[in-house]
Amino acid sequence: LMPLLEHERRWEELGAALEKDATLAPREERPAIYARLGQIRLGRLGDARGALDAHREALAIDPGDRVSRLALDKMLAAGELRLAAAEVLEPVARAEEAWTVLVRVLEARSMLVDGIAARLAALAEAVEVAEHRLHDEKRALELSARGLELSVSAAMDEEPPWIARIVRLSAADPARGAEILADALGERTIDDPLFVRLATHAGEALVRSGDRARAL
């Protein structure tokens, strides 16, 4: 029946048939059926939310299902369901210690979850994973730059921990560290203790990078 429905391009009926088949099939066959259902819902029916739900079902049974993993990875990269895709992929990435995926999940959360504190927490963990699990100090530095920008824009009262992270992570590239700190300060008037400290660190970083003119 399903090959006929596909041949005749009866996509809604095919989706309904796949959904029913998934509930009746042996457990080990269900991930592939749900993954196919996800493909039909997204590619033929334009139902992104339904596709995500189908891929969620597939990974609940087989977290390694390649089709569903790739589909959710694309949803994580762009579109209105980035956060929903992150929520599906996060427990899988943690269980498998798939650190690259986890960093991307945390990056998405840092841009999409509600509240500055939650966004900064996601960025802080992304930095930790990038630095200590992936040994990618360059990526950790760029993530820290985003954390500093966010914390400064939120006018936090105490010195953001991001400054110390940036100083440490930019040891091999002091010029980039100085650029990040100077950019975070921008054209702000230095009349707040936080900005005084930031300006001090930015000046010290510029000196370390050899740019004494800008440090002055």
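Please refer to the structure placed before this passage.
First, a word on scope: everything that follows refers to the structure included in this document. Bear in mind the structure is a predicted one, so any value in this text is a computation, not a measurement. (Residues numbered from 1 in each chain as written. Predicted model: local features only at pLDDT ≥ 70, side-chain atom pairs only at ≥ 80, totals over all residues. Heavy atoms only, no water.)

**Here's the deal with the overall build of the protein chain**
- When you go through the protein chain residue by residue, the secondary structure sums to 13 helices and zero strands.
- Seen in sequence order, the protein chain has helices and strands lined up from the N terminus as α-α-α-α-α-α-α-α-α-α-α-α-α.
- Compactness check: the protein chain gives a C-alpha radius of gyration of 23 Å against a globular reference of 17 Å for 216 residues, more than 25% above the reference.
- Its C-alpha atoms give the protein chain principal-axis dimensions of roughly 75 × 30 × 25 Å.
- Nonlocal contacts in the protein chain, meaning residues at least 24 apart in sequence, comprise 49% of its contacts between residues at least 6 apart.
- Accessible area for the protein chain stands at about 11700 Å²; split by element, carbon and sulfur atoms hold 50% of it.
- When the 30 basic and 39 acidic side-chain charges of the protein chain are each reduced to a single mean position, those positions are 3 Å apart. (Helix = DSSP H or I, 4+ residues; strand = E, 2+ residues; numbered from the N terminus. Rg over C-alpha atoms; globule rule 2.2 N^0.38 Å. Contact = heavy atoms within 4.5 Å. Areas by Shrake-Rupley, 256 points an atom, 1.4 Å probe, with all protein chains shown as cover. Lys, Arg positive; Asp, Glu negative; His and termini not counted. Charge placed at Lys NZ, Arg CZ, Asp CG, Glu CD.)

**Examining the pattern of salt bridges**
- Enumeration over the complete set of coordinates arrives at 15 salt bridges.
- Across the pair Glu-8 and Arg-10 runs a salt bridge whose closest N-O atoms are separated by 2.6 Å.
- Of the charged contacts, one joins Glu-90 and Arg-109 as a salt bridge, the two residues approaching to 4.0 Å between their closest N and O atoms. Taken as a pair, Glu-90 in helix H6 (residues 82–96) and Arg-109 in helix H7 (residues 99–112) lie far apart in primary sequence, 19 residues in all.
- In this structure, a network of salt bridges that share partners links the residues Glu-90, Arg-94, Arg-109 and Glu-125. (Salt bridge = Lys/Arg side-chain N within 4 Å of Asp/Glu carboxyl O.)

**Thoughts on the packing of H6 against H7**
- Here H6 crosses H7 at 145°, and the two axes come no closer than 9 Å. Like other packed secondary-structure pairs, H6 and H7 cross with a definite hand, here left-handed. When H6 is examined against H7, the residues Arg-82, Leu-83, Ala-86, Glu-87, Leu-89, Glu-90, Ala-93 and Arg-94 are found in contact with a partner set consisting of Val-101, Leu-102, Val-105, Leu-106, Ala-108, Arg-109, Met-111 and Leu-112.
- Among the residues forming the contact of H6 with H7, the class breakdown is eleven nonpolar, no polar and five charged. (Axes fitted to C-alpha atoms, helices over the stretch in contact; angles between N-to-C directions. Left-handed = near helix turned anticlockwise from the far one by under 90°. Nonpolar A, V, L, I, M, F, W, Y, C, P; charged D, E, K, R; others polar.)

**Regarding the packing of aromatic side chains**
- Counted according to the given criterion, the structure contains zero aromatic pairs.
- Positioned above the aromatic ring of Trp-162, the side-chain terminus of Arg-165 is 4.4 Å from the ring centre. (Phe/Tyr/Trp six-rings, centres within 6.5 Å; stacked < 30°, edge-to-face > 60°. Lys NZ or Arg CZ within 6 Å of the ring centre and 35° of its normal.)

**Re the side chain of Glu-131**
- In this fold, Glu-131 is placed in helix H8 (residues 116–132).
- Judged by relative accessible area, Glu-131 falls into the buried class, the value being 11%.
- Apart from residues no more than four positions distant in its own chain, Glu-131 is found in contact with Asp-136, Ala-140, Arg-168 and Leu-169. (Buried < 20%, exposed > 50% of the residue type's maximum accessible area, 1.4 Å probe, protein only.)

**A few points about the nonpolar core**
- Counting residues in each nonpolar core, the largest one holds 35 residues, and the members touching the most others are Leu-143, Leu-148, Leu-181 and Leu-198.
- The set of elements that each furnish at least two residues to this core consists of H7, H8, helix H9 (137–153), helix H10 (162–169), helix H11 (174–185) and helix H12 (193–208).
- Core analysis: the next-biggest nonpolar cluster, separate from the first, contains 14 residues, Leu-72, Leu-76, Ala-84 and Ala-86 among them. (Core = buried A, V, L, I, M, F, W, Y, C linked by side-chain atoms within 4.5 Å.)

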